[in-house]
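Observations on chain architecture
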Amino acid sequence: MNRKTIRTTANKSPCPVRLGINVDHVATVRQARGTKYPDPVEWALIAERAGADSITIHLREDRRHIQDRDLDLMQRSVKTRVNLEMAVTEEMIEIAIAAQPVDCCLVPEKREELTTEGGLDVLSQIEKIREAVVRLKAAGIRVSLFIDPQPSQLEAAVSCGVGVVELHTGAYADAPDKSEIERELNRIRVAADFGESIGLTIHAGHGLNYHNVKPIVAITPIVELNIGHAIIARALFDGLSKSVSDMKKLMQEERGF
Ligand code: PXP
């Protein structure tokens, strides 16, 4: 494929970027105590009312946060669309085909990792991924691949038959200094331009927060971001005053104060 045909972002008129909210960490808090609360579905509905354009959940093989039942309830309750992140395994493909979310994002998964480290190596497993994509698409699911911002991975994604990729922004988010940040940002810019030029819809996500999101939004081929941890972490603080005062009020009411 000719990489010289890359279009620059400068001559494009930008459209608003959609925000997908990843609610996994609401389930992480629930699973930490084995309680019924906090409910990620309830959280998803609040996020939608606040403007979320989609809800992302990662059903991991070890079920460390999102459970099968959450997927089922999400599918019945979410009004925008569910984006199911999953590993490329037989178990997950069968679950996705049965649940039929609007979107599936295929991600790499290692049991010992804290979060999804690095993108899917599509190049080294084109046949396996292509077969999964064919089966998911046949079930009416739009499929994306979570990949590092590398032109060779984008080309491999096209070979697998997907129309969407999500570029991993983790290296950008973790970059320690200005020059490293600019280097990573440039890799994402080049990959986004190249991906668009070969007909892919470009999403991005991982490690994005209130301080680093703007330069990513400035990359016009990117039409959707998936953000989780930073939004849930911010909500802990923004909701803290009310959470404490509600508890205090309940206790005082019971004693007649
Ligand atoms: N996109 C993908 C494919 C992910 O795996 C994750 C993390 O689960 C995210 C986006 C969201 O990352 P973060 O929680 O760091 O915002």
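A brief look at the structure comes next. As the structure is a prediction and not an experimental result, all values here were calculated from the model.

1. Details of the site of the ligand
Taken together, 13 residues lie around the ligand, and Glu85, Glu166, Gly207, Gly228 and His229 are the ones closest in. Here Glu166 contributes a side-chain N or O atom positioned 2.5 Å from a nitrogen atom of the ligand. Residue Gly228 places a main-chain N or O atom 2.8 Å away from an oxygen atom belonging to the ligand. Its free accessible area being 400 Å², the ligand has 94% of it covered by the protein chains. Here the shell around the ligand is built from residues that sort into three nonpolar, seven polar and three charged.

2. Quick word on the packing of helix 6 (residues 151-159) against helix 8 (residues 178-197)
Where helix 6 meets helix 8, the closest approach of the two axes is 9 Å, and the angle between their N-to-C directions is 25 degrees. The angle between the axes of helix 6 and helix 8 places the two elements in the roughly parallel class. Crossing angle aside, the handedness with which helix 6 passes helix 8 is right-handed. Contact residues: helix 6 offers Pro151, Leu154 and Glu155, while helix 8 offers Ala191, Phe194 and Gly195. Looking at the contact of helix 6 with helix 8, its residues break down into four nonpolar, one polar and one charged.

Each value, and the rule that gives it
- Residues numbered from 1 in each chain as written.
- Predicted model: local features only at pLDDT ≥ 70, side-chain atom pairs only at ≥ 80, totals over all residues.
- Heavy atoms only, no water.
- Near = heavy atom within 4 Å.
- Polar contact = N/O pair within 3.5 Å; in protein donor to acceptor, adjacent residues only side chain to side chain.
- Areas by Shrake-Rupley, 256 points an atom, 1.4 Å probe, with all protein chains shown as cover.
- Nonpolar A, V, L, I, M, F, W, Y, C, P; charged D, E, K, R; others polar.
- Axes fitted to C-alpha atoms, helices over the stretch in contact; angles between N-to-C directions.
- Helix = DSSP H or I, 4+ residues; strand = E, 2+ residues; numbered from the N terminus.
- Parallel < 35°, antiparallel > 145°, perpendicular 65-115°, else oblique.
- Left-handed = near helix turned anticlockwise from the far one by under 90°.
- Contact = heavy atoms within 4.5 Å.

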